[in-house]
Amino acid sequence: MRITKLTVILMAGLFLAPAPCFLQGEPVISGYLDSSVSLGAGAGSSPAFLYGIEEYANIRLQARLREGAAFYGSLNLLAVSGTYAEAARNAALRDAAVWGASSALTAGANYAAALELERLYVKISPETADFQAGLIRTAFGYGYVFGPMDFLNPRNPLLPDSRPRAVLGADLAYYPAADLKLQGFTAAAGNPFAGSGAGTLGGLAGEYHGEWLSLQGLYVFESPGPAPRGIHRFGLSVKAELGLAAELLYTCDPRTPEGGLAASAGFDYSLLDGKLYVLAEYLYSGDRSSTAASLGFRGNHYLFAQGRYRLSDYTSLGLGCMAAPEDPSFTPVITAEHELFQGLTLNLTCQIPLGSSGNGEFGPLPSGAAGPGRYFYSTVKVRLRF
């Protein structure tokens, strides 16, 4: 693969940005390397046999600066073949079609590769506040699975290993008391080429943590762009004792005044002295809600449930299911994990899409037609942490 000048500049800027004269202690480099092999059986127009190989590394840098400041950065490195390369190519083509920019994916005779800047920001932390600016992760809500309030980084429970994407912006958190947090933030428009600033986000959030109950409220305004008068989002998240959590986000778009509600409710609990962990959550996603728009959901009602049993300190087994009861269709997910030694973990995941007449949103043919689909898909992954 040809190393471009941009790649060299990004890597040098990420790892050399904090000048040594301002550092407090040595920089800390950490991360992990995932080596994955996937096998599956195709449905519809997909090949009968599916395979993929992926090498993925996430490399992180943390450098403490003087006066309570710190620099953070991280890179994603990717080399893929088979189904992984196909998915990466399709995503790159979609981005290029939407934004009109060239793809960061480079294809060779044996593999395709990419480099992505994942995080790049500075954080300043005086006694009662935190300020961070740059390429940051801004999360909201207590939801376990779907997280309607976390609309900047939509979650798909069938892709649990996906790292939340960052946004380019700034965030200021103030702590007037030990159990209270006030927050203001802004984020650049979804279209990175919006020179007019149309679609820029600005919002306020408040959070309270009591002995039995935690509350978080959210308001976000998206400046006029596609919506002539802008878009308003209102969110509320509640977490109570015994692992109960509920969350809602209402998106008020003048172009589509109805169907803007997304709401979830669920729980998690540990049994048998912590050996058994169970989790379940229900999602209602309105036709015009931020959740439906970001994840491409076609229905309104969704369920996810999961149980994980720890056989020993090093081995666990899990069984989960993502379901769309309106179809009906669902995808059972079987997982097994074993820690070979400290820092090295082996993980096995199997997904088996099932649906009415072979169709449905989570069935073998998600389009409900003869398009590409899967009857079965499994992944073996080895994760090395460093």
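Refer to the structure printed above.
Note that the structure is predicted; figures quoted are calculated from it, not measured.

J.: Can you explain the pairing of strand 1 (residues 28-44)? Please cite residues and give values.
T.: Sheet faces and side chains relate simply in a regular strand, where the side chains alternate between the two faces. Strand direction decides the pairing type here: strand 1 and strand 2 (residues 49-64), joined by 14 bridges, are antiparallel. Paired with Ala41 across the bridge in strand 2 is Phe49. Between strand 1 and strand 2, which pair antiparallel in sequence order, lie four residues. Of the pairings in the sheet, the one linking strand 1 to strand 20 (residues 372-385) comprises 13 bridges and is antiparallel in character. Looking at the pairing, Gly44 lines up with Pro372 of strand 20.

J.: Could you give an account of the nonpolar core, with specific residues and numbers?
T.: Counting residues in hydrophobic clusters, the biggest one holds 16 residues, and the most contacted among them are Phe140, Phe151, Leu152, Leu201, Leu218 and Val220. Mapped onto this core, the elements with two or more residues apiece are strand 3 (69-82), strand 8 (180-187), strand 9 (201-209) and strand 10 (213-222). If near-sequence neighbours (up to four positions away) are discounted, Phe140 is found in contact with Met149, Asp150, Leu152, Arg155, Gln183, Phe185, Ala205, Gln216, Leu218 and Glu247. Counting residues in each nonpolar core, the second largest holds 13 residues, with Leu158, Leu279, Phe297 and Tyr302 among its members.

J.: How would you explain unusual backbone geometry if you had to name every residue and give the values?
T.: With an omega of -5°, the peptide bond running from Asp327 to Pro328 counts as cis. Despite not being glycine, Leu242 shows a phi value in the positive range, around 70°. Within the secondary structure layout, Leu242 lies in the loop between strand 11 (231-240) and strand 12 (244-252). A positive phi angle, near 60°, is found at Asp273, a position not held by glycine. Tracing the sequence through the fold places Asp273 in the loop between strand 13 (261-271) and strand 14 (276-285). Classification of Asp273 as exposed rests on a relative accessible area of 80%.

Cut-offs used in this document
Every chain's residues receive numbers from 1 upward, in the order its sequence appears when written. Two thresholds apply to this predicted model, a pLDDT of at least 70 for residue-level local features and 80 or more for giving and counting side-chain atom pairs, whereas whole-chain, interface and lining totals are computed over all residues. Neither water nor hydrogens contribute to the side-chain values; these are computed over all heavy atoms in the structure. Any two strands with at least two DSSP bridges between them are considered paired. Numbering of helices and strands runs from the N terminus, with a helix taken as a DSSP run of H or I at least four residues long and a strand as a DSSP run of E at least two residues long. For our purposes a nonpolar core is just a set of buried Ala, Val, Leu, Ile, Met, Phe, Trp, Tyr and Cys residues, chained together by side-chain atoms within 4.5 Å. Only protein chains enter the accessibility calculation, which uses a 1.4 Å probe. A residue is then buried if its area is under 20% of the maximum for its type, exposed if over 50%, and partly exposed in between. Whether two residues touch is decided by their heavy atoms; if any such pair falls within 4.5 Å, the residues are in contact.

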